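Here is what each chain is made of, one letter per residue.
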Amino acid sequence: HTNGVVTGATWAQLPSGLWVKDFNSATPDYVVVTCPQLNFTTEDFSGIFRIYIDNLVASRCILERGTITADGYTFVVAANGIIYLYTSQAAAEQHTISNVLSIGATTWYTLGWTRAGNSVRLYRDGVDVTFTPAVHVNPATSARTAKIGVRDNLTTQPFDGKIGFQRIFNYALTPGEHRNWHNKISYLYGAV
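In this report, we go over the structure that sits alongside the text. Each chain carries its own residue numbering, running from 1 in the written order of its sequence. In keeping with the predicted nature of the model, local features appear solely for residues at pLDDT of at least 70, side-chain atom pairs appear and are counted solely at 80 or more, and the whole-chain, interface and lining totals rest on all residues. Only hydrogens and water are removed before side-chain values are computed, so all heavy atoms of the structure are retained for them.

### Remarks on the overall build of the protein chain
Phase 1: We count a stretch as a helix when DSSP gives it H or I for four or more residues in a row; a strand needs E for two or more, and each element gets its number in order from the N terminus. The secondary structure content of the protein chain amounts to one helix and 15 strands.
Phase 2: Relative to a compact globule of 192 residues, whose C-alpha radius of gyration would be 16 Å, the protein chain shows 15 Å and is just as compact.
Phase 3: Principal-axis analysis of the C-alpha atoms places the extent of the protein chain at approximately 45 × 35 × 30 Å.
Phase 4: Think of it in three bands: residues with accessible area under 20% of the maximum for their type are buried, residues over 50% are exposed, and the middle band is partly exposed, with areas taken using a 1.4 Å probe on protein chains only. Within the span of the protein chain, comprising 192 residues, buried residues form 50% of the whole.
Phase 5: In the protein chain, 64% of the contacts between residues at least 6 apart in sequence involve partners at least 24 apart.
Phase 6: Methods summary: accessible areas were calculated by the Shrake-Rupley approach with a probe of 1.4 Å, and residue burial reflects only the protein chains presented. In the structure as shown, the protein chain presents an accessible area of about 8,300 Å², 54% of it carried by carbon and sulfur atoms.
Phase 7: Working convention for charge: Lys and Arg count positive, Asp and Glu count negative, and His plus the chain ends are omitted. Where a charge sits is defined by one atom per residue type, namely NZ (Lys), CZ (Arg), CG (Asp) or CD (Glu). Looking at the protein chain, you have 14 positive and 13 negative side-chain charges, and the mean spots of the two groups are 3 Å apart. For this measure, only C-alpha atoms enter the radius of gyration; the expected value for a globule follows 2.2 Å times N^0.38, where N is the number of residues. Note on contacts: a residue pair qualifies if any of its non-hydrogen atoms lie within 4.5 Å across the two residues.

Put into structure tokens, the structure is as follows:
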């Protein structure tokens, strides 16, 4: 329930009539959100994003609320299709990853995570795709704004494609809830 300041990203209408944000990595485009309510440290939290990557020749940041090895958490897709969720503290970070080629370019996906205690699980289209889980230390408190479509410095790992849905929860979503969210939103974006 927080508005963001959009830089560069434009609106694109899908065949379903739905409008989504379209990000160009060459610009880069991003959204900055002032959201102290997303400063998760000791509590459980989860996120769900509906994304379409145009070009996956480089890593693409979906969300960063903090910065790696300093504070907060980061949600990224690497160029090899691995999904990462980082939690960070001063000079340290932990990351849970999916398998190589968990996602590719030019396809809509519902990506998400659940952090419960020191455990993180990753989801693609409502299915757990966690490959290498880490033992996550609590993220260090962060006074930073959240960045959608780019890392905290506003230049690194710019997103290239569309983001049509984003939700952050202050509790641990169950596997069934991830699947339910995917089922509720995926039909709006074409093939599921």
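Text resumes after the structure shown.
### Some thoughts on the state of the cysteines
Disulfides are covalent bonds that connect the sulfur atoms of two cysteines.
Phase 1: By definition, disulfides here are pairs of cysteine sulfur atoms that lie within 2.5 Å. Across all of its chains, the model carries zero disulfides by this definition.
Phase 2: Not part of a disulfide, Cys 35 finds its nearest cysteine sulfur in Cys 61, a span of 13 Å.
Phase 3: For Cys 61, a relative accessible area of 0% puts it in the buried group.

### Quick notes on the sheet that holds strand S6 (residues 60-67)
The strands making up a sheet associate through backbone hydrogen bonding, with each pair oriented either parallel or antiparallel.
Phase 1: For two strands to be treated as a pair, DSSP must find at least two bridges joining them. Taken in spatial order, the eight strands line up as S1-S4-S14-S6-S7-S8-S9-S13 in an open sheet, and their pairing is antiparallel. Of all the strands in the sheet, just strand S1 (4-7) and strand S13 (130-132) have a single pairing partner and so form its edges. Adjacent strand axes in the sheet meet at a mean angle of 20°, parallel and antiparallel pairs treated alike.
Phase 2: Both S1 and strand S4 (residues 30-33) contribute to a ladder of four bridges, which runs antiparallel. Pairing of Gly 4 across the sheet is with Val 33, part of S4. All axes are obtained by fitting lines to C-alpha atoms, using only the stretch in contact for helices, and the reported angles, taken between N-to-C directions, cover 0 to 180 degrees.

### Considerations on the nonpolar core
Phase 1: Ranked by size, the top nonpolar core spans 30 residues in total, and within it Ile 51, Phe 75, Leu 111 and Trp 113 carry the most contacts.
Phase 2: Going through the elements one at a time, S4, strand S5 (45-53), S6, strand S7 (71-77), strand S8 (83-89), strand S10 (108-116), strand S11 (119-124) and strand S14 (146-148) are the ones with two or more residues in this core.
Phase 3: The element best represented in this core is S5, accounting for four residues.
Phase 4: Discounting residues that sit within four places of it in the chain, Leu 111 has contacts with Gly 47, Ile 48, Phe 49, Ile 51, Ile 62, Phe 75, Val 77, Ile 83, Ile 103, Tyr 123 and Arg 124. Put simply, buried Ala, Val, Leu, Ile, Met, Phe, Trp, Tyr and Cys residues joined by side-chain atoms within 4.5 Å make one nonpolar core.

### Overview of the sheet that holds strand S3 (residues 19-23)
Phase 1: Pairing is antiparallel in the open sheet, where seven strands are placed in the order S2-S3-S15-S5-S10-S11-S12. In this open sheet, the two strands that pair with only one neighbour each are strand S2 (10-13) and strand S12 (127-128).
Phase 2: Bridge count for S10 against S11 is six bridges, and the pairing is antiparallel. From the neighbouring strand, Arg 115 faces S11, where its bridge partner is Val 120.

### Some points on the pairing of S11
Phase 1: Count of turn residues in the S10/S11 antiparallel hairpin: two residues, of which Gly 117 carries a positive phi of about 60°.
Phase 2: Judged from the two bridges that link them, S11 and S12 form a sheet pairing that is antiparallel. Within the sheet, the bridge partner assigned to Tyr 123 lies in S12 and is Asp 128.

### Description of the packing of aromatic side chains
Within a pair of aromatic rings, the relevant descriptors are the distance that separates the centres and the angle that separates the planes.
Phase 1: Side-chain rings of Phe, Tyr and Trp, where Trp is taken by its six-membered ring, are said to pair if the distance between their centres is within 6.5 Å; with planes under 30 degrees apart they count as stacked, over 60 as edge-to-face, and otherwise as tilted. Throughout the structure, instances matching the rule amount to 15 aromatic pairs.
Phase 2: Consider the rings of Tyr 73 and Trp 113, whose centres lie 6.2 Å apart with planes at 55°: the pair is tilted. With a gap of 40 residues between them, Tyr 73 in strand S7 and Trp 113 in strand S10 connect regions that are remote in the sequence.
Phase 3: Given a relative accessible area of 1%, Tyr 73 falls into the buried group.
Phase 4: Grouping aromatic residues by their ring pairs yields a cluster made of Phe 40, Phe 45, Phe 49, Tyr 73, Phe 75 and Trp 113.

### Considering the pattern of salt bridges
A side chain of one charge can pair with a side chain of the opposite charge when the charged atoms of the two come close.
Phase 1: Salt-bridge detection follows one rule: a side-chain nitrogen of Lys or Arg within 4 Å of a carboxyl oxygen of Asp or Glu. Under the defined criterion, the tally for this structure stands at nine salt bridges.
Phase 2: Of the charged contacts in the structure, one is a salt bridge between Arg 151 and Glu 64, with a shortest N-O distance of 2.8 Å. Here the residue Arg 151 occupies a position in the loop between S14 and strand S15 (161-169), and Glu 64 occupies one in strand S6, the gap between them amounting to 87 residues.
Phase 3: For the salt bridge of Lys 147 with Asp 152, the shortest nitrogen-to-oxygen distance reads 2.6 Å. Each member of the pair, Lys 147 together with Asp 152, is buried.
Phase 4: Put simply, Asp 71, Arg 144, Lys 147 and Asp 152 are held in one network by salt bridges that share partners.

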